[in-house]
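A structural walkthrough
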Amino acid sequence: MIIVMDPSAEEEDIQHMVDKVERAGLEAILLRGEKRNVIAAIGDERDAVTEGWTAVRGVERIIPILHPYKLASREASPGSTPVRLNGAVLGETKVQVIAGPCAVEDLDTTLDIAQAVKAAGAVALRGGAYKPRTSPHSFQGLQEEGLKILSEVGRHVGLKVVTEVLTPEQVELVAEHADVLQVGARNMQNFMLLRALGQIGKPVLLKRGISATVEEFLLAAEYILKWGNNQVILCCRGIRTFEDHTRFTLSLSSVAYLKEVTHLPVIADPSHGTGRRSLVGPMSKAAVACGADGLIIEVHPDPERAAVDGQQTLTCDGFARLMKELGPVAEAVGREV
Ligand code: PEP
Ligand code: MN
């Protein structure tokens, strides 16, 4: 990091700061300028105790050089860290698609959807058993019954199961039924939940918070990694902007950027990212074209009757068509679906 001293900093302030840098285990190189003095602190600043340094007398500002996320960064792990879902691998050549209803509704509907998405080439079944709804009056999900339906259907059809966990207390129960535990956008910075998920031996699908920067998103992933679990899938599901023609703004530049800076697999959610059925196909193709390792898509046999998010849900046929259309796009960028 670079520590820029204030023009009014006294010699003893500079020396005090140099001592602080050295005590933190970094090498301090003092660069004397005509108007200002600058201290270059050499070493991994993320291991050093640098908190509060901006408050030290004589310090004007501090410019970090390294990304604050360390375990998630490509600097730490130059290859990629694929997430394995038994036979399937997320984060290698094949673009993996997770599909299913927004919320689990009943056994028969879940089974119909699972069979349809499996036939179309999906690797995993999604479905919320615990639904984080904006309004407490809205359907909150079938909860434990929903988990049982998911695991039964997943086993029967031969699909992995992805479902959301809302609290640290639920982790154990959800992990009994699911293969991948999802952290919803509204929970991205639920640090106790992230820590709990760091201690399970199952992959975590972490969604970007609607107002989170990419750096905050990666630091949320960093919690799961730091607490011991490197099976983390990052999911770009749209952020809140001033735009109102879509439910959220699906930031595909962040998909491409994340692929540059992290070794973790990155997927996109064009259903929540747009909130409009007609845009799910085009944005799925765009996501694959810009390097997404996978997609998570809402599917229901009769979206009009879906308990949640019907407006952004594909029919089973629509999903099967999209899967076919994704093939040439994937091929054009050296991938397959
Ligand atoms: C979901 O995938 O069911 C969901 C609630 O998504 P998000 O957290 O991205 O809103
Ligand atoms: Mn939904």
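Residues numbered from 1 in each chain as written. Chains lettered and ligands numbered in written order. Predicted model: local features only at pLDDT ≥ 70, side-chain atom pairs only at ≥ 80, totals over all residues. Heavy atoms only, no water.

**Some details on the overall build of the protein**
- When helices and strands are tallied, the protein shows 10 helices and 14 strands.
- Referenced to the eigenvectors of the C-alpha coordinate spread, the extents of the protein come out at roughly 75 × 45 × 40 Å.
- Scored against the burial criterion, the 337 residues of the protein give a buried share of 53%.
- Long-range pairs, those at least 24 residues apart, make up 67% of the contacts in the protein with a sequence separation of at least 6.
- For the protein, the accessible surface area stands at approximately 15,100 Å², while carbon and sulfur atoms represent 50% of it. (Helix = DSSP H or I, 4+ residues; strand = E, 2+ residues; numbered from the N terminus. Buried < 20%, exposed > 50% of the residue type's maximum accessible area, 1.4 Å probe, protein only. Contact = heavy atoms within 4.5 Å. Areas by Shrake-Rupley, 256 points an atom, 1.4 Å probe, with all protein chains shown as cover.)

**Some remarks on the coordination of the manganese ion (ligand 2)**
- The protein atoms that coordinate the manganese ion (ligand 2) are C102 (SG), H272 (NE2), E298 (OE) and D309 (OD), at distances of 2.0 to 2.3 Å.
- Counting the intervening residues between successive donors of the manganese ion (ligand 2) yields the motif C-x169-H-x25-E-x10-D. Taken together, the residues C102 in the loop between β7 (96-100) and α2 (107-120) and H272 in helix α8 (residues 270-274) connect sequence positions 170 residues apart. (Donors = N, O, S within 2.8 Å, 3.2 Å for Na, K, Ca; no water.)

**Notes on a nonpolar patch on the surface**
- Side chains of I29, L31 and I42 sit close together on the surface and give an oily, nonpolar patch of about 240 Å² of accessible area.
- Counting through the fold element by element, L31 comes out in strand β2 (residues 27-32). (Patch = residues over 30% accessible without salt bridge, like charges linked within 9 Å, V, L, I, M, F, W, Y side chains within 5 Å. Salt bridge = Lys/Arg side-chain N within 4 Å of Asp/Glu carboxyl O.)

**Observations concerning the sheet that holds strand β4 (residues 59-63)**
- What the four strands build is an open sheet, ordered β2-β3-β1-β4; its pairing is antiparallel. A strand with exactly one partner marks an edge of an open sheet, and here the two such strands are β2 and β4. Taken pair by pair, the neighbouring strands of this sheet meet at an average axis angle of 20°, ignoring direction.
- Relative to strand β3 (residues 37-42), strand β1 (residues 2-5) runs antiparallel, the two being bridged by three bridges. (Pairing = 2+ DSSP bridges. Axes fitted to C-alpha atoms, helices over the stretch in contact; angles between N-to-C directions.)

**Regarding the environment of D244**
- Relative to the assigned elements, D244 resides in the loop between β12 (232-236) and α7 (252-261).
- Of the residues examined, D244 reaches a relative accessible area of 70% and is grouped as exposed.
- Sequence separation between D244 and A220 is 24 residues; the distance between their C-alpha atoms is 27 Å.

**Describing the domain arrangement of the protein**
- Parsing the protein into structural domains produces domain 1 (2-64) and domain 2 (83-332).
- With centres defined by C-alpha atoms, the gap from domain 1 to domain 2 works out at 44 Å. (Domains from an automatic or database assignment.)

**Considerations on the site of ligand 1**
- Residues in contact with ligand 1, as listed here, are R126, K131, E164, Q182, G184, A185, R186, K207, R237 and H272.
- In the model, an oxygen atom of ligand 1 is placed 2.7 Å from a nitrogen or oxygen of the A185 main chain.
- A distance of 2.8 Å separates an oxygen atom of ligand 1 from a polar side-chain atom of K207. (Near = heavy atom within 4 Å. Polar contact = N/O pair within 3.5 Å; in protein donor to acceptor, adjacent residues only side chain to side chain.)

**Describing the side chain of H263**
- Position of H263 relative to the elements: it lies in the loop between α7 and β13 (266-268).
- Within the structure, the side chain of H263 is placed 2.6 Å from the backbone oxygen of L71, a separation counted as a polar contact.
- In terms of polar contacts, H263 uses its side chain to reach the side chain of T81, at 2.6 Å.
- Once residues lying within four places of it in the same chain are set aside, the contact partners of H263 are L71, A72, S73, R74, S77, G79, S80 and T81.

**What about helix α6 (residues 214-226)?**
- Taking 1.5 Å per residue, 13 residues should reach 18 Å; α6 reaches 18 Å between its end C-alpha atoms and fits that length.
- Turning to α6, its buried residues number three or more, namely V214, F217, L218, A220, A221, E222, I224 and L225.
- Contacts from the buried residues of α6 go to α5 (191-198), β11 (204-207), β12 and α7.
- Following α6 by one or two positions, G228 adopts a phi angle in the positive range, close to 110°. (Expected span 1.5 Å × (residues − 1).)

**Digging into the side chain of E164**
- Structurally, E164 is set in strand β9 (residues 160-164).
- Of the buried charged residues, E164 lacks a salt bridge, with K131 as the closest side chain of opposite charge at 5.2 Å.
- A polar side-chain atom of E164 sits 3.4 Å from the main-chain amide nitrogen of G184.
- Apart from residues lying up to four places away in sequence, E164 is in contact with Y130, P132, V174, Q182 and G184. (Lys, Arg positive; Asp, Glu negative; His and termini not counted.)

**Points about the sheet that holds strand β10 (residues 180-183)**
- Here we have eight strands rolled up into a closed barrel, ordered β7-β8-β9-β10-β11-β12-β13-β14, and parallel in their pairing. Strand-to-strand, the axes of this sheet are offset by a mean angle of 25°, without reference to chain direction.
- Both β10 and β11 contribute to a ladder of three bridges, which runs parallel. Counterpart to V183 in the pairing with β11 is L206.
- Contacting β13 and β14 (294-298), helix α9 (residues 277-289) runs over the sheet at an angle of about 165° to β14.

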